[in-house]
Amino acid sequence: MSQLEVKDKTFLITGGASGLGAEYAQTFLNEGAKNVAVLDIAEELGKATAERLNKAHGDKAMFIKCDVSKEEDITSAFDSVLAQFKQIDVIINNAGVMVDAPDMWRTASDVNWQGLVSLTLKGVKYMRKDEGGLGGTIINIASTVALTKSPSVPIYSGSKMAVLHFSQCLAVDPFYETTGIRVLTLCLGPTDTPLLHNLEARAYEPKIGKVVADMVVASGILFQKPSSAAAVVLHMYKNGPPGSIWLSNENKPAENITPVIDRAFKDFEKLLLP
Ligand SMILES: NC(=O)C1=CN([C@@H]2O[C@H](COP(=O)(O)OP(=O)(O)OC[C@H]3O[C@@H](n4cnc5c(N)ncnc54)[C@H](O)[C@@H]3O)[C@@H](O)[C@H]2O)C=CC1
Ligand SMILES: CCCCC/C=C\C=C\C(=O)C/C=C\C/C=C\CCCC(=O)O
């Protein structure tokens, strides 16, 4: 597969006001993206990010306040991006929160899971070639917690496993041949953003949170640089075959882990199929 162009493409990035989403916006504009729409619940931060991007890249970015856990926000933000930029070629479903605490897990699950599903479905409807669209790319952000067992954040981990499985099920052949839409998934390891601050308060139970937060410090787990994650997303966008799943961990280059996941599913099939 030849490399896909970033030039002339319009990106929609959720959770793009700060953290990794803002890093992805910057990276794709540096690569010549035509436009970037930043959707985020954080209004002041989002406006400031769009202003910074516009200063550096000449009015190519816009910010839209959007809480991805709210269906009406997603619909109206999607329509606003189309009204302003006339097209959407790439959606990066990046918005996510890691809080399993009792008063927060439902909202967090709506953001991490339902919001991502909703925007993916909206993107598919708009982009699909078999219904008059131009095709495109949808990048869904999962986590390495979808591949390991994290006892402190089982709800967050479950939502990321759901993201991974939803994306791979959606992409099964002949999805790409029919729609012209590449669905790509990123399993991201610990990366140095505010998501990893205040770890103790993020567990489903404070006692466990303290143990794990201490363990994370004691074990010296590397929090990779946001720029490493962005380099992997750029690589995936340019080179990722439809349905592929990627790893970004410990500042290493992009690794296509689709064969590893497929092998595991083949083992399940051996158990299940006659
Ligand atoms: N930082 C890390 O170690 C890892 C992050 N990830 C995933 O990467 C994605 C981005 O994470 P970070 O940038 O690290 O987090 P972050 O906390 O630094 O930034 C998250 C952004 O999402 C926005 N956001 C939160 N709730 C929202 C909502 N309801 N609607 C719209 N936007 C909302 C925030 O305002 C913020 O701008 C998330 O999906 C996260 O689960 C995955 C694995 C590791
Ligand atoms: C309450 C402490 C939670 C620690 C979770 C740390 C980061 C999770 C962010 C991710 O999305 C995935 C990245 C890395 C996972 C690394 C360690 C997880 C350890 C959690 C556990 O064992 O419960």
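None of these values were measured; they are calculated from a predicted model. (Residues numbered from 1 in each chain as written. Chains lettered and ligands numbered in written order. Predicted model: local features only at pLDDT ≥ 70, side-chain atom pairs only at ≥ 80, totals over all residues. Heavy atoms only, no water.)

Each helix and strand counted, the chain has nine helices and eight strands in total. Taken against the 2.2 N^0.38 rule, which gives 19 Å for 274 residues, the C-alpha radius of gyration of the chain at 18 Å falls within 12% of a compact globule. Expressed as lengths along the three principal axes of its C-alpha atoms, the size of the chain is roughly 55 × 50 × 35 Å. Burial analysis of the chain (274 residues in total) assigns 50% to the buried set. Here the chain displays about 13300 Å² of accessible surface, and carbon together with sulfur accounts for 57% of that area. (Helix = DSSP H or I, 4+ residues; strand = E, 2+ residues; numbered from the N terminus. Rg over C-alpha atoms; globule rule 2.2 N^0.38 Å. Buried < 20%, exposed > 50% of the residue type's maximum accessible area, 1.4 Å probe, protein only. Areas by Shrake-Rupley, 256 points an atom, 1.4 Å probe, with all protein chains shown as cover.)

The next subject is the pattern of salt bridges. Here the structure, examined in full by the defined rule, presents nine salt bridges. The partner of Lys 70 in a salt bridge is Asp 67, and the shortest N-O contact between them spans 3.2 Å. Using a relative accessible area of 37% as the deciding quantity, one classes Lys 70 as partly exposed. Under the relative-accessibility criterion, Asp 67 is labelled buried at 11%. Residue Lys 252 pairs with Glu 250 through a salt bridge whose shortest N-O separation is 3.2 Å. Since its relative accessible area comes to 46%, Lys 252 is described here as partly exposed. Each of Arg 128, Asp 130 and Glu 131 takes part in one network of salt bridges that share partners. (Salt bridge = Lys/Arg side-chain N within 4 Å of Asp/Glu carboxyl O.)

Right, let's get into the site of ligand 1. Around ligand 1 there are 28 residues in total, and Ser 18, Asp 40, Asn 94, Tyr 156 and Thr 193 lie nearest to it. Asp 40 is positioned with one of its side-chain polar atoms (N or O) 2.6 Å from an oxygen atom of ligand 1. The contact in question runs from an oxygen atom of ligand 1 to an N or O atom on the backbone of Thr 191, over 2.8 Å. In isolation ligand 1 has 820 Å² of accessible area, and contact with the protein removes 92% of it. Mapped by element, the contributors of at least two residues to the shell around ligand 1 are helix H1 (19-30) and helix H5 (154-170). (Near = heavy atom within 4 Å. Polar contact = N/O pair within 3.5 Å; in protein donor to acceptor, adjacent residues only side chain to side chain.)

Bringing the layout of surface pockets into the picture now. Considered as a void within the structure, the second largest pocket measures approximately 360 Å³ in volume. Classifying every residue of the lining of the second largest pocket by side-chain character gives seven nonpolar, four polar and four charged. (1 Å grid on protein atoms, 1.4 Å probe; cavity = no way out; pocket = protein on both sides within 12 Å on 5 of 7 lines; lining within 4 Å. Points joined across faces, edges and corners; volume = space filled by probe spheres on them. Nonpolar A, V, L, I, M, F, W, Y, C, P; charged D, E, K, R; others polar.)

A few words now on the site of ligand 2. Looking at ligand 2, there are 14 residues lining it, with Ser 143, Pro 151, Ser 152, Tyr 156 and Leu 199 nearest. Separating an oxygen atom of ligand 2 from a side-chain N or O atom of Tyr 156 is a distance of 2.7 Å. Burial of ligand 2 by the protein amounts to 91% of the accessible area it has alone, namely 550 Å². For the shell around ligand 2, the class distribution of residues is nine nonpolar, five polar and no charged.

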